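# Results of the structural survey
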Amino acid sequence: TALVIPLSILLGLLGASYLVYKLARKSWQSRCISISKIMLAYFQILSVPQTAFSFNWPPAFKEVLEWLSQLGLDFGIGGFQCAANVDHYHYLLYSTLLPVIVALAGVAVITLYRVRMRKIGSPVPASSRTILTFLCGLLLVVYAPLSRAITQMFDCLSVGEQRYLRVDMRLQCDTEEYWGWLA
């Protein structure tokens with residue numbers, strides 16, 4: 001029941017945004033798309049502190065963070081980490097390499113599509129804008145989970161005389177391996 005009001009507000013805002021988008025002229029449509037991208041990034045960034053940091057937030061803000069974390073705006077590869085029993089070091093490696101691989105594959109597909117369209121004599125869309133739009137969209141989606149994975153490397157918890165990585169208590173901080181991954 002606590003989620004009904006915020007969820008209905010979000011659905012109302014999305015519905016109103018869609019109506020404005022459909023009724024607007026082309027120049028306003030591009031502005032609506034830009035604002036939507038900014039809002040998505042904002043909500044993604046706000047959904048990360050709940051899982052990345054152990055701050056004592058004010059109760060009202062903590063409730064907002066819990067609500068945002070339930071929206072599922074964090075498009076990480078967390079399920080892979082549990083299924084394959086991967087430690088946080090390798091999760092960090094996969095989290096940073098996966099967007100690079102997807103970006104290279106996306107650019108390759110767009111380039112091959114353009115080459116194919118030229119061969120058959122069809123009009124070819126502007127390549128630099130298409131590739132840039134794809135890369136910006138990819139960055140928008142991976143920014144928050146990647147930032148979380150990186151910042152979690154700095155969050156160590158003291159247990160007795162040892163310090164452990166809070167996100168993966170199997171890994172000790174202040175070891176050569178830790179400093180190697182941190183670099």
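Since we're looking at a predicted model, the values are computed, not measured.

Reading the values: the criteria
Within each chain, residues carry numbers counting from 1 in the order of the written sequence. Reporting in this predicted model follows two pLDDT cut-offs: at least 70 for local features of residues, and 80 or more for side-chain atom pairs to be given and counted; totals over whole chains, interfaces and linings ignore these cut-offs and use all residues. Calculation of side-chain values draws on the structure's entire complement of heavy atoms; hydrogens and water are dropped beforehand. What makes a salt bridge here is a side-chain nitrogen of Lys or Arg within 4 Å of a carboxyl oxygen of Asp or Glu, nothing more. Helix and strand assignments come from DSSP, with helices taken as H or I runs of at least 4 residues and strands as E runs of at least 2, each series counted from the N terminus. When DSSP finds two or more bridges between two strands, those strands count as paired. Here the aromatic set is Phe, Tyr and Trp, taking the six-membered ring for Trp, and pairing holds for ring centres within 6.5 Å; pairs whose planes are under 30 degrees apart are stacked, those over 60 apart are edge-to-face, and all others are tilted. Any residue under 20% of the maximum accessible area for its type is buried, any over 50% is exposed, and the rest in between are partly exposed; the area is computed with a 1.4 Å probe on protein chains only. Axis geometry follows a simple rule: fit a line to the C-alpha atoms, using only the stretch in contact for helices, then measure angles between N-to-C directions, giving values from 0 to 180 degrees. The contact criterion used throughout is that any non-hydrogen atoms of two residues lie within 4.5 Å.

Further remarks concern the pattern of salt bridges. A full pass over the atoms with the stated rule returns 3 salt bridges. Two residues, Asp-155 and Arg-166, come together in a salt bridge whose shortest N-O distance is 3.0 Å. You can see Asp-155 sitting in the loop between helix H7 (127-151) and strand E1 (156-159) and its partner Arg-166 sitting in the loop between strand E2 (162-165) and strand E3 (168-172), a full 11 residues away along the chain. One salt bridge connects Arg-170 with Asp-168, and the closest N-O pair in it is separated by 2.8 Å.

A few words on the pairing of E3. As paired elements, E2 and E3 share 2 bridges and run antiparallel to each other. From the neighbouring strand, Leu-165 faces E3, where its bridge partner is Asp-168. Taking the residues between adjacent antiparallel strands as the criterion, E2 and E3 are bridged by 2 residues.

Moving on: the packing of aromatic side chains. Scanning the entire structure with this criterion turns up 2 aromatic pairs. Summarising the aromatic geometry, the rings of Tyr-89 and Trp-181 are spaced 5.4 Å apart at their centres and angled 10° between planes, so their arrangement reads as stacked. Placement of Tyr-89 in helix H6 (residues 88-119) and of Trp-181 in helix H8 (residues 176-182) is noted, with a sequence separation of 92 residues between them. According to the relative accessible area criterion, Tyr-89 is buried, its value standing at 1%.

Right, let's get into the sheet that holds E3. Pairing is antiparallel in the open sheet, where 3 strands are placed in the order E1-E2-E3. Either end of the sheet is taken by a strand with one partner, and the two such strands are E1 and E3. Averaged over all pairs of adjacent strands, the angle between their axes in this sheet comes to 45°, without regard to strand direction. Its contacts with the sheet place H6 against E2 and E3, and it is angled at close to 100° to E3.

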